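# Descriptive structure summary
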Amino acid sequence: MSERKYRIATIPGDGIGVDVTAAAVTVLDTVLPGLEWTEFDWSCANYLRTGEMMPADGPELLAGFDAILLGAVGFPGVPDHVSLWGLLIPLRRAFGQYVNLRPVRLLPGTESALRDRTAQDLDILIVRENSEGEYSEIGGKHNPGRDDEFVLQESVFTRVGCERIIRYAFDRARERGGKLCSATKSNGLIHSMPYWDSVFDRIAGEYPDVQTRQMHVDALAAEIVLHPDRLDVIVGSNLFGDILSDLAAAVTGGLGLAPSGNINPAGTAPSMFEAVHGSAPDIAGQGIANPVAQILAGAMLLDQLGEHAAAAAVDRAVCDVLGAGEVLTPDLGGTATTTDLATAIASRAAELVDPVGAESR
């Protein structure tokens, strides 16, 4: 077990983000005691009190940490664009987290929404561009209140942005066995997607060992539902990657099981990890939220820090506990609480990182 110390910032946020972040911290502390946690109360509640999701110097306050664990943001009364653009997107861009990594797979003991599909059929890594594309601030509302009122929303696809995310995806595909599919829509988006396709084609020449496909995003959505076994790594723009990863998570058991990482590949700034699911304020504080996605996000955090054995122990513990089927939250068909499931995973993870101690107990 590593003795190195790491400074980790937590932003529990809103709703069940608070519940699942506490659960994930419990599990991570079990496998790696050298984690030093600092919590920041940036949230929609903070926005309602102060008029801002986080202070103006928020990125500066987080810059010295080794990683960030984010719960979820969103609450009734605060528009989603306020919560997203007031916290998540500024941090992603301030820290050069241009990769949004979303692994989706069918975990043991869970059922797919797709009939007769197994874990071998449902194991996809989605690489989403995280810094530009369709999520741009360029645009505005014009002629407000008039009959000719209109809004303008611009997409931004830079050479640097496209090249680095596509090359990152090729590297991941090479590691996983050599299949990469690019999400495009070049038949409808006349400038951005043909440019994306041209960058993909050019970089593909550097990876002759990787099998490539380019699919229009609507056809690719259908492929995820009808033939997920044909897919391994998918790379997509900010919007396409976002939508496809939620769809893939839904067919592999639900958003409560899907983690994600906002990655700075160079390691020049902290990366940030979170569950794909939202804040679900309707069940917040009831102790029934499924913490698995956030715990797996914590495993991704450990892996990014280079603590691969600890990360593997958490991942294996999740699989073992879910596979046993004895401690499951209501969304998985059980009666366990958030704390019950986190405790069971932490206990199993402790056995995996300390097998000698487990045998003596």
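Because the structure is a prediction, the values reported are computed rather than measured.

## Points about the overall build of the chain
When its secondary structure is counted, the chain shows 12 helices and 12 strands. Relative to the compact-globule value of 21 Å for 361 residues, the chain shows a C-alpha radius of gyration of 21 Å, a close match. A principal-axis box enclosing the C-alpha atoms of the chain has dimensions of 70 × 50 × 40 Å. Split into buried and exposed, the 361 residues of the chain put 51% on the buried side. Counting contacts in the chain only where the partners sit at least 6 residues apart, residues at least 24 apart contribute 74% of the total. Summed over its atoms, the accessible surface of the chain is roughly 15800 Å², and 52% of this surface lies on carbon and sulfur atoms. Between the centroid of the 27 positive side chains of the chain and the centroid of its 49 negative side chains there is a distance of 5 Å.

## Quick notes on the pattern of salt bridges
The final tally for this structure, using the stated rule, is 23 salt bridges. Across the pair Asp242 and Arg102 runs a salt bridge whose closest N-O atoms are separated by 3.4 Å. Of this pair, Asp242 sits in helix 8 (residues 238–251) while Arg102 sits in strand 4 (residues 99–105), and the two are 140 residues apart along the sequence. Of the two residues, Asp242 and Arg102, both sit in the buried class.

## Looking at empty space enclosed by the protein
By the definition in use, this model includes one cavity of 30 Å³ or more. Empty space within the largest cavity amounts to approximately 50 Å³. Lining of the largest cavity is provided by Pro103, Val104, Arg105, Thr252, Gly254, Leu257, Ala258, Pro259 and Leu296. Residue contributions to the lining of the largest cavity peak at three residues, all from strand 4. Grouping the amino acids of the lining of the largest cavity by side-chain chemistry returns six nonpolar, two polar and one charged.

## Concerning the confidence of the model for the chain
The predicted model of the chain averages 94 in pLDDT, with 98% of residues at 70 or higher. With pLDDT under 50 throughout, residues 356–361 is counted as low confidence; its partners more than four residues away or in other chains account for two contacts.

## Some thoughts on the layout of surface pockets
Reported here for the largest pocket is a volume of approximately 620 Å³. Taken together, 23 residues make up the lining of the largest pocket; nearest its centre are Leu101, Pro103, Leu125, Met300 and Asp303. Contributions of two or more residues to the lining of the largest pocket are made by strand 4, strand 5 (123–129), helix 5 (159–176), strand 11 (259–263), helix 9 (292–304) and helix 10 (308–324). Considering each element in turn, the lining of the largest pocket owes the most residues, five residues, to helix 9. Residues belonging to the lining of the largest pocket are distributed by class as follows: 14 nonpolar, two polar and seven charged. For the second largest pocket, the calculated volume is near 470 Å³. Together, 22 residues line the second largest pocket, and Val73, Leu84, Leu88, Val276 and Gly278 are the ones closest to its centre.

## A look at the pairing of strand 5
Most of strand 5 is tucked away, with six of its seven residues classed as buried. Alignment of strand 4 against strand 5, held across seven bridges, turns out to be antiparallel. Across the sheet, residue Arg105 finds its bridge partner in strand 5, namely Asp123. Pairing analysis gives four bridges linking strand 5 to strand 10 (residues 233–236), with the strands arranged parallel. Bridging across to strand 10, Val127 finds its partner in Val235.

What counts as what
- Residues numbered from 1 in each chain as written.
- Predicted model: local features only at pLDDT ≥ 70, side-chain atom pairs only at ≥ 80, totals over all residues.
- Heavy atoms only, no water.
- Helix = DSSP H or I, 4+ residues; strand = E, 2+ residues; numbered from the N terminus.
- Rg over C-alpha atoms; globule rule 2.2 N^0.38 Å.
- Buried < 20%, exposed > 50% of the residue type's maximum accessible area, 1.4 Å probe, protein only.
- Contact = heavy atoms within 4.5 Å.
- Areas by Shrake-Rupley, 256 points an atom, 1.4 Å probe, with all protein chains shown as cover.
- Lys, Arg positive; Asp, Glu negative; His and termini not counted.
- Charge placed at Lys NZ, Arg CZ, Asp CG, Glu CD.
- Salt bridge = Lys/Arg side-chain N within 4 Å of Asp/Glu carboxyl O.
- 1 Å grid on protein atoms, 1.4 Å probe; cavity = no way out; pocket = protein on both sides within 12 Å on 5 of 7 lines; lining within 4 Å.
- Points joined across faces, edges and corners; volume = space filled by probe spheres on them.
- Nonpolar A, V, L, I, M, F, W, Y, C, P; charged D, E, K, R; others polar.
- pLDDT = per-residue confidence, 0-100.
- Pairing = 2+ DSSP bridges.

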